[in-house]
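Structural description and commentary
Listed below, chain by chain, are the residues.
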Amino acid sequence: MAIDFPLLSLLLFMPLAGALVCLVLGMGNSTAPRWVALLTAAGVFVVSLLLCLLQTPTAGWLFYEDYRWIEQFGVRYTLGLDGLSSVLILLTAFLQLLAVLVSWRQERAPGVFFALLLVLEMAAIGVLLALDLILFYLFWELMLIPMFFLIGVWGYQRRFQAAVKFFLYTLIGSLCLLLAVISLYLLHGDQTGTYTFALEALKQTELSTTQELIFFFCFMAAFVVKVPLFPFHSWLPDAHAEGPAAGSVDLAGLLLKTGVYGMIRFAFPLFPVAAQKTLPVLAGLALVGLFYAAWVAYQQVDIKRIVAFSSISHMGFVILGLAAWNQTAWEGSLLLMVNHAITTAGLFVVVAMIEQRTGSRSLDQLGGLWKSHPNMSAFFLLFCMASLGLPGLANFAGEILILIGVFTVKPLWAVIAVGGILFSATYTLRLVQGTLWGNNCEPHDKQDLHSREWLVLIPLAVLVVALGCYPQPVLDLLREPLSALLLVGGMP
Amino acid sequence: MENLVQEAIQNVNLHAVMPSLILSVAGMALLLVAVFSPRGKTAHIAWLSIASLIVAGIVTIMGWNDTQYGFAGSVQLDNFAAFFSMICIIAAGLAILMSDEYLKRENFPVGEYYPLILITTAGAMWMVSGTDLITIFLGLEVLSVSLYILAGFFRDQVRCNEAGLKYFFLGAFSTGFLLYGMALLYGVSGTTKVYDIAAYIQANPDTTTNVMFVAGGLLMLTGFFFKIAAAPFHMWTPDVYQGAPTPITAFMSAGPKAAAFAALIRVTFICLEGMQDHLTTVFWVLAVLTMTVGNLIALNQKDLKRMLAYSSIAHAGYAMVGLVAWNEIGSAGILFYMLVYTFMNMGAFAILILIGRSGEENLTLDGVTGLGYKKPMLGIAFSIFLFALMGLPPTAGFTGKFYIFAGAINSGYIWLAVLGVLNSAVSLYYYLRIMIFMYFKEPQEDYAWVKIYPATAVSIVISVIGVLYLGIVPGSIMQLARMAGF
């Protein structure tokens with residue numbers, strides 16, 4: 001299906017245009033930027049929803065754009081959209097819409113704040129669309145800059161350290177990626193005589209196993225830091241704890257996803273042999289991370305940090321599914337990723353509301369919110385239950401698929417991973433108990449949910465239930481692209 | 001001797017020196033204009049200087065792809081020279097744009113300042129187009145002597161005097177090395193023309209193991225290394241850059257440095273080709289040393305001008321990676337990188353001009369606390385330059401580094417590229433620190449003294465456009481650099 005209208009570029013540049021308008025309108029410190037941001041985010045959401053509905057379950061690119069860019073180096077502006085990217089783009093657009101609503105009362109430099117949110121959205125969409133490695137790298141790096149400022153300017157007390165830590169960690173990872181990209185490009189050029197950064201062409205490069213392993217490690221350095229996989233995770237809890245609520249939603253919903261996307265779109269298909277060889281390592285780290293993060297989450301007092309560590313633990317689950325390397329597990333991983341983004345976003349949003357009302361995020365000081373704020377607590381409970389994998393709610397569907405997929409290849413891994421679910425139940429229940437029940441704390445704001453908060457929470461809650469009961473539409477979109485990617489990677 | 005003079009007179013080809021001729025004549029004429037102008041009135045000299053730079057630039061561009069040889073083969077205005085000449089012209093133009101209001105603020109509006117910049121630029125052009133060691137030396141001296149004056153231009157300020165004097169002593173010393181090296185090369189080959197030296201070596205291959213020849217080559221390189229501030233010949237840089245008037249610092253870090261790179265490339269790639277195996281090792285070590293020393297010391301700087309001085313040392317190190325590659329991509333990479341560097345570095349210095357108080361106070365990290373909130377446009381522009389200096393896309397810093405490192409990897413120097421990339425990672429920290437002070441901290445002052453001077457603002461806007469243009473659509477300029485590559 002060929003549509004001449006550059007829909008993908010529209011999707012990409014709409015947030016940028018919105019960001020520029022926000023910047024200009026923000027000069028007067030008015031309320032205009034938030035409306036612009038809301039409209040832009042809504043527009044992006046509508047376009048990406050359309051793209052999802054237009055999808056037919058085929059493996060090819062539904063939309064494809066290809067223009068010359070830097071001819072000397074064979075760099076092209078190539079965008080492509082298939083079921084995989086459209087699901088993740090829809091997720092991005094949806095969460096970004098909520099992030100704008102969550103930060104509705106942003107008073108400190110709102111113009112710049114919303115502009116940064118929109119630039120971040122553009123970068124994330126660009127990462128999910130780019131099929132030229134340099135273009136991909138450009139958007140990959142562009143994600144850093146807005147996030148750095150969102151944490152550093154609008155965060156809490158220790159925001160400097162958190163922002164710098166985030167920046168250095170992720171950038172060092174990406175520099176490895178850059179080196180590998182350039183080397184691969186030159187190697188491919190030497191072999192074939194055509195110098196190109198196109199993903200499809202570079203897949204044909206002939207590499208020795210050693211070369212593949214080196215390149216693979218460099219690519220993975222960038223991706224595992226973003227995911228983040230244990231032991232490269234230590235930036236995430238700080239970034240979450242010190243960042244603003246919208247920043248946390250974006251981190252959990254946008255940035256973390258791009259790491260996994262990078263693995264399955266770039267690292268695995270480019271270096272299948274190396275990927276096969278390192279799967280056990282990946283699975284081992286994922287399992288250790290699953291337990292380690294759950295353990296650390298259990299020890300935390302700050303509820304935002306608990307959610308942050310639970311997020312690391314869940315991402316361990318996702319990576320475990322990838323390491324199983326079969327269709328069921330991969331579908332489960334991607335589904336869990338989407339579900340986890342929605343649940344975690346919901347948790348972070350409610351945590352921000354709790355903090356607004358009580359002025360605290362510490363389990364020691366919280367408690368008894370169920371009595372004072374029943375509606376808010378009900379949503380919190382729902383998201384917590386989803387997070388611990390209650391059947392019928394979002395995360396369960398993904399987790400069960402992963403476990404089935406893993407069990408068919410490595411029963412032992414699956415058995416260990418089930419223990420992880422138990423762990424996640426422990427810290428989540430502690431979180432619920434410490435905030436909703438127990439000693440009454442004295443919130444200074446007695447107001448339960450107000451209308452804007454309902455507007456944010458209801459879509460999240462509906463999705464949590466819907467994706468838990470009927471994940472089929474998402475799986476349909478994912479099936480063909482994933483099986484194509486698995487085929488490139490070959491069977492283990 | 002008689003014959004040589006005859007030949008030289010017959011071979012005079014003014015087209016080969018036209019751009020530098022225009023600048024020299026304009027420089028001398030404007031010196032006279034400055035004498036007859038009322039005291040304190042310098043704006044018209046600045047504008048006339050810019051006009052002459054534009055004329056010289058147009059003449060240079062018109063000569064593209066039309067190599068001119070002049071003065072019996074001692075001057076060669078080819079694409080390589082034209083590209084570097086344009087870098088020097090742009091650097092000089094930006095420096096002049098940011099100078100006039102600055103000189104008034106520092107209470108030293110003296111007209112001779114602008115002609116000196118023009119003459120420096122003319123010297124730089126002789127250097128980049130010289131194919132005779134003597135021509136290169138003459139260009140270098142014209143450039144250096146004018147810069148000695150400019151570096152110490154504020155004669156009533158101690159730190160400025162210190163800068164001028166330090167630059168002069170160390171510069172004179174390094175010129176000695178350069179000249180001694182050239183003399184030895186002449187002694188071995190019997191000629192000062194670079195192509196004749198190359199021909200002599202081709203005819204007598206054992207020259208490359210001749211102690212006199214090797215010593216001559218290394219001594220000459222030492223002179224150039226001093227000018228491009230490669231470690232361990234960088235000691236003068238921080239003090240001179242910090243003490244000199246800020247527009248001059250900006251100019252020095254871009255134009256003359258580019259010229260020294262040009263002469264270095266021409267001389268080594270032609271004359272010293274026989275020593276390639278050994279020289280790449282020397283360049284390799286020096287490139288790594290230079291970027292590492294620059295970045296590591298910059299980490300600890302509180303003074304912004306000094307921090308940028310060390311950062312400029314580091315960037316010379318990145319550019320030297322192109323020398324190691326020793327091929328067309330490498331030298332084209334240096335061409336492109338120096339152009340990129342001119343925009344991003346001069347833009348950053350232009351910002352420093354605006355945020356400094358009279359007497360160059362307040363140029364510390366603390367001095368920019370919360371600046372991003374009080375002066376948003378200035379903050380955004382500064383951030384763009386800093387991101388470019390870090391080498392992040394979509395700025396030109398990324399494409400420039402990409403070009404350089406791709407050349408190195410292409411020649412098989414993967415470790416060099418790895419070390420370069422690691423160095424970029426280190427450099428993030430000090431560039432980010434400026435932004436942390438600018439944005440993450442609450443403003444302590446209202447920055448009432450920060451006035452956006454129109455001409456300086458124009459130079460900032462030009463730099464921003466340059467940085468973004470070369471970062472987003474670098475294709476056409478990269479093509480030109482490739483055509484000019486050696």
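Each value, and the rule that gives it
- Residues numbered from 1 in each chain as written.
- Chains lettered and ligands numbered in written order.
- Predicted model: local features only at pLDDT ≥ 70, side-chain atom pairs only at ≥ 80, totals over all residues.
- Heavy atoms only, no water.
- Helix = DSSP H or I, 4+ residues; strand = E, 2+ residues; numbered from the N terminus.
- Rg over C-alpha atoms; globule rule 2.2 N^0.38 Å.
- Contact = heavy atoms within 4.5 Å.
- Areas by Shrake-Rupley, 256 points an atom, 1.4 Å probe, with all protein chains shown as cover.
- Buried < 20%, exposed > 50% of the residue type's maximum accessible area, 1.4 Å probe, protein only.
- Pairing = 2+ DSSP bridges.
- Salt bridge = Lys/Arg side-chain N within 4 Å of Asp/Glu carboxyl O.
- Phe/Tyr/Trp six-rings, centres within 6.5 Å; stacked < 30°, edge-to-face > 60°.
- Lys NZ or Arg CZ within 6 Å of the ring centre and 35° of its normal.
- Domains from an automatic or database assignment.
- Buried area = accessible area lost by both parts, 1.4 Å probe.
- Patch = residues over 30% accessible without salt bridge, like charges linked within 9 Å, V, L, I, M, F, W, Y side chains within 5 Å.
- Polar contact = N/O pair within 3.5 Å; in protein donor to acceptor, adjacent residues only side chain to side chain.
- Nonpolar A, V, L, I, M, F, W, Y, C, P; charged D, E, K, R; others polar.

Before going further, it helps to examine the overall build of chain B. If you tally the helices and strands in chain B, you get 21 helices and two strands. A globule of 486 residues ought to have a C-alpha radius of gyration of about 23 Å, and chain B, at 22 Å, matches this closely. Summarising its shape, the C-alpha atoms of chain B cover approximately 70 × 55 × 40 Å along the three principal directions. Taking as baseline every contact in chain B between residues at least 6 positions apart, the subset at least 24 positions apart corresponds to 83%. Put simply, chain B shows about 16500 Å² of open surface, and 67% of that area lies on carbon and sulfur atoms.

Residue and element names in this part refer to chain A. For strand S2 (residues 75-81), the buried fraction is high: six of the seven residues fall into the buried class. Summarising the sheet, strand S1 (residues 63-70) and S2 pair through seven bridges and their orientation is antiparallel. Looking at the pairing, isoleucine 70 lines up with valine 75 of S2. The loop that links S1 with its antiparallel partner S2 comprises four residues; one of these, glycine 74, has a positive phi angle of about 70°.

So, about the pattern of salt bridges. It is possible for side chains of opposite charge to pair when their charged atoms get near one another. Residues and elements named next belong to chain B. Enumeration according to the criterion identifies 17 salt bridges over all chains in this entry. The shortest N-O distance in the salt bridge between aspartate 239 and lysine 166 comes to 2.5 Å. One end of the pair, aspartate 239, is in helix H11 (residues 236-243); the other, lysine 166, is in helix H8 (residues 158-189), with 73 residues separating them in the sequence. A salt bridge links arginine 306 to aspartate 239; the shortest N-O distance between them is 3.0 Å. Remark: aspartate 239 occurs in helix H11 and arginine 306 occurs in helix H14 (residues 304-325); sequence separation between them is 67 residues. Arginine 306 gets classed as buried once you look at its relative accessible area, which sits at 19%. When its relative accessible area of 22% is taken as the criterion, aspartate 239 is described as partly exposed.

This part covers the packing of aromatic side chains. What the rule picks out here adds up to 60 aromatic pairs over all chains. In this structure an aromatic cluster arises from ring pairing among Phe73, Tyr137, Tyr185, Tyr195 and Phe197 of chain A together with Phe336, Phe398, Phe402 and Tyr403 of chain B. Directly above the aromatic system of tyrosine 156 of chain A lies the positively charged group of arginine 361 of chain A, at a separation of 4.8 Å from the ring centroid. Directly above the aromatic system of phenylalanine 437 of chain B lies the positively charged group of lysine 441 of chain B, at a separation of 4.2 Å from the ring centroid.

Our focus in this paragraph is the domain arrangement of chain B. Residues and elements named next belong to chain B. Split by domain assignment, chain B resolves into domain 1 (1-271) and domain 2 (275-486). The gap between the C-alpha centroids of domain 1 and domain 2 is 22 Å. Together domain 1 and domain 2 conceal approximately 4800 Å² of surface at their shared face, both sides included; 76% is due to carbon and sulfur atoms. Counting the surface domain 1 buries against domain 2, the share from its top three residues, Phe83, Arg105 and Phe269, is 15%.

This part covers unusual backbone geometry. All names here are of chain B. Each neighbour pair has its own omega, and for alanine 231 with proline 232 the value is 0°, a cis peptide bond. Mapped onto the elements of the fold, proline 232 is located in the loop between helix H10 (211-227) and H11. We note that asparagine 65 has phi near 65°; this positive angle belongs to a residue other than glycine. You can see asparagine 65 is positioned in the loop between helix H3 (43-62) and strand S1 (68-70). For tryptophan 326, which is not glycine, the phi dihedral falls at a positive 50°. Along the chain, tryptophan 326 falls in the loop between H14 and helix H15 (328-355).

Below, the discussion takes up a nonpolar patch on the surface. Where nonpolar side chains cluster on the molecular surface, the patch consists of Val461, Ile465, Leu468, Tyr469, Ile472 and Val473 of chain B and spans about 490 Å² of accessible area. Residue position: valine 461 of chain B is located in helix H20 (residues 454-472).

Another aspect to go through is the interface of chain B and chain A. Taken together, the 33 residues of chain B in the interface contact 32 residues of chain A. On the chain B side of the interface with chain A, the three residues burying the most area are Pro393, Phe402 and Phe440 of chain B, jointly 21% of the side's total. Here chain B and chain A share zero salt bridges between them. Between the two partners, chain B and chain A, sit two residue pairs in polar contact (both at pLDDT 80 or more). Contributions of two or more residues to the side of chain B that touches chain A are made by helix H17 (376-390), helix H18 (396-410), helix H19 (414-440) and helix H21 (475-484) of chain B. Broken down by element, the residue count for the side of chain B that touches chain A peaks at eleven residues, all from H19 of chain B. The residue inventory of the side of chain B that touches chain A, partitioned by class, reads 27 nonpolar, three polar and three charged.

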